[in-house]
There are 2 protein chains.
Amino acid sequence: MDALRLRIAREGRNLGGGILKVDGFVNHQVDPRLMDDCGRELARRFAGVAPTKVLTAEISGIAPAVATGLHLGVPVVYARKSRPVTMPDQVFLTLSPSHTKGGSTELVVSPEYLGPEERVLIVDDFLASGATILGLARLAHAAGARVVGVGTLIEKVFEGGRSALDPLGVPVESLARVVAMEGDRIDLEE
Amino acid sequence: MDALRLRIAREGRNLGGGILKVDGFVNHQVDPRLMDDCGRELARRFAGVAPTKVLTAEISGIAPAVATGLHLGVPVVYARKSRPVTMPDQVFLTLSPSHTKGGSTELVVSPEYLGPEERVLIVDDFLASGATILGLARLAHAAGARVVGVGTLIEKVFEGGRSALDPLGVPVESLARVVAMEGDRIDLEE
């Protein structure tokens, strides 16, 4: 998507170690208009697989997921990284290796909001190694739901997440694909 | 706002100890259409104070804040609860007592995205004791910015947050006001 690619080219920063900083419009400061445009585009690309729910992980997946859910007209569930007091005792929980923090993170979803009849579209800000998305897919499968697609804003192609998602057998769409980062240069696929 | 009040009346649950569960449309599962409507209404109520930025706290403030920012046409910053690797070493940080978890939580904002020229509208899902909102106001003040209003989805009137916010001297708007909860009953102000 041109607007997102342009923004990454102009404001993204390579912090080294594979970390792309997009804190000015995705991760800490959010550009709501850009998010809305991204959500509309993801909704357009996945309308054909008829999702009934969007699933994401807190924190930075929330803005793009809610925008996508709005344009698809379906609810959004965000997996929590710890079980809040409002959740029932019995939950779906999986462990996901944490890319930026090391160690592993819990992803927790309440069975109240994810059931066997659902067609789940997974949305996140980044597709990097694919670990978080595979964790979300495990939660969906644990609920007996069907994953029908994966949509992300930014794919770091050089981290190989796309092939890690192959076993899911679903369409994977990214709105901007970063093929390489070196020094100040961020190479985006046209 | 009627749509939100109706939803709370129908789906909200009093878990005791002052905790109102709205996980089905605000906190874990999000209704994107409802959030969009709430954001439109908050934007309408605060257009007159001309905010240049919406400030919220992760996690559950993000959805209503981004919706409000979209309809105001301004960026949204969400305070992080820990400093991510993408943030500079020098940040604005304040401690806020945690209502549901006990202890205290850090709220961190990067000076890159909050500056002295800003007119800040604080948005959050709940106005309860007001502690988180006061923490966000301290961050805005530390940045030299001016707080011009506080907007929340749900006010728990019985927790007294509104008077805690008096010293800010700004308009405070809530889209639904819960005046009491007892057993299965949730009393909403008309």
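What follows is about the pattern of salt bridges. Scanning all chains against the criterion turns up 34 salt bridges over all chains. Of the charged contacts, one joins Glu118(B) and Lys53(B) as a salt bridge, the two residues approaching to 3.0 Å between their closest N and O atoms. With Glu118(B) in the loop between strand S7 (104-109) and strand S8 (119-127) and Lys53(B) in strand S4 (residues 53-57), this pair connects stretches of sequence that are 65 residues apart. What you see here is one network of salt bridges that share partners, running through Glu41(A), Arg44(A), Arg45(A) and Glu173(A).

Read from one edge to the other, the open sheet built from seven strands follows the order S11(A)-S10(A)-S9(A)-S8(A)-S4(A)-S5(A)-S3(B), with strand pairing classed as mixed. The open sheet is flanked by strand S11 (185-188) of chain A together with strand S3 (29-30) of chain B, the only strands paired with a single partner. Bridge count between strand S10 (residues 172-182) of chain A and S11(A): four bridges; the pairing is antiparallel. Bridged to Val178(A) within S11(A) is Leu188(A). Against the sheet, helix H1 (residues 2-11) of chain A touches strand S9 (146-156), S10 and S11 of chain A, its axis set at about 20 degrees to S10(A).

This paragraph deals with the packing of helix H3 (residues 32-46) of chain A against helix H4 (residues 62-72) of chain A. All names here are of chain A. Across the interface, H3 lies against H4 with an axial gap of 7 Å and an inter-helix angle of 55 degrees. The orientation of H3 relative to H4 falls into the category oblique. In this structure, the crossing between H3 and H4 has a hand that is right-handed. Contact residues: Met-35, Asp-36, Gly-39, Arg-40, Leu-42 and Ala-43 in H3; Ala-63, Pro-64, Ala-67, Thr-68, Leu-70, His-71 and Leu-72 in H4.

Mapping chain A onto chain B calls for a rotation angle of 180 degrees and an axial translation of 0.0 Å; the resulting RMSD is 0.0 Å. Such a combination of rotation and displacement between the chain copies is what one expects of a two-fold axis. A share of 100% of the interface residues of chain A reappears at the interface of chain B, consistent with the copies meeting face to face through the same patch.

Residues and elements named next belong to chain B. Counting buried positions over the 11 residues of helix H4 (residues 62-72) gives 10, a clear majority of the element. Restricting attention to buried positions, one finds in H4 the residues Ile-62, Ala-63, Pro-64, Ala-65, Val-66, Ala-67, Thr-68, Gly-69, Leu-70 and Leu-72. Taken from the residues just after H4, Gly-73 is the one with a positive phi, measuring 75 degrees.

Before going further, it helps to spend a moment on the interface of chain A and chain B. With 39 residues of chain A in contact, the opposing surface of chain B contributes 39 residues. Of the roughly 3300 Å² buried at the junction of chain A and chain B (both faces included), carbon and sulfur atoms supply 61%. Where chain A meets chain B, there are two salt bridges. Note that Glu112(B) is salt-bridged to Lys21(A), the shortest N-O span being 2.7 Å. Put simply, the parts of the chain that give the side of chain A that touches chain B at least two residues each are helix H2 (23-27), strand S3 (29-30), H3, H4, strand S5 (76-79) and strand S7 (104-109) of chain A.

The rules behind the values
Every chain is numbered independently, its residues counted from 1 as its sequence is written. Both sets of labels track the order of writing: A upward for chains, 1 upward for ligands. Owing to the predicted nature of the model, reporting of local features is limited to residues with pLDDT of at least 70; listing and counting of side-chain atom pairs is limited to 80 or more, with chain, interface and lining totals taken over all residues. Values shown for side chains rest on all heavy atoms present in the structure; no hydrogens or waters enter the calculation. Salt bridge criterion: a side-chain nitrogen from Lys or Arg within 4 Å of a carboxyl oxygen from Asp or Glu. Think of it this way: any DSSP run of H or I at least four residues long counts as a helix, any run of E at least two long counts as a strand, and we number them from the N terminus. Strand pairing is assigned whenever DSSP detects at least two bridges linking the two strands. Throughout, a residue-residue contact means that at least one pair of heavy atoms, one from each residue, lies within 4.5 Å. Lines are fitted to the C-alpha atoms to define the axes, a helix being fitted only along its stretch in contact, and any angle between axes, read from their N-to-C directions, falls within 0 to 180 degrees. For classification purposes, angles smaller than 35 degrees are called roughly parallel, those larger than 145 roughly antiparallel, those between 65 and 115 roughly perpendicular, and all remaining angles oblique. Helix crossings get a hand from a simple test, with the near helix turned counterclockwise from the far one by less than a right angle marking a left-handed crossing and a clockwise turn marking a right-handed one. Least-squares fitting of one copy onto the other uses the C-alpha atoms of those residues that reach a pLDDT of at least 70 in both copies. The buried label goes to any residue with under 20% of its type's maximum accessible area, the exposed label to any with over 50%, and the partly exposed label to all in between, with areas taken from a 1.4 Å probe on protein chains only. The quantity reported as buried area is the accessible area (1.4 Å probe) lost by two parts once they are put together, taken as the sum for both.

Remember that the coordinates give geometry; whether it matters functionally is a separate question.
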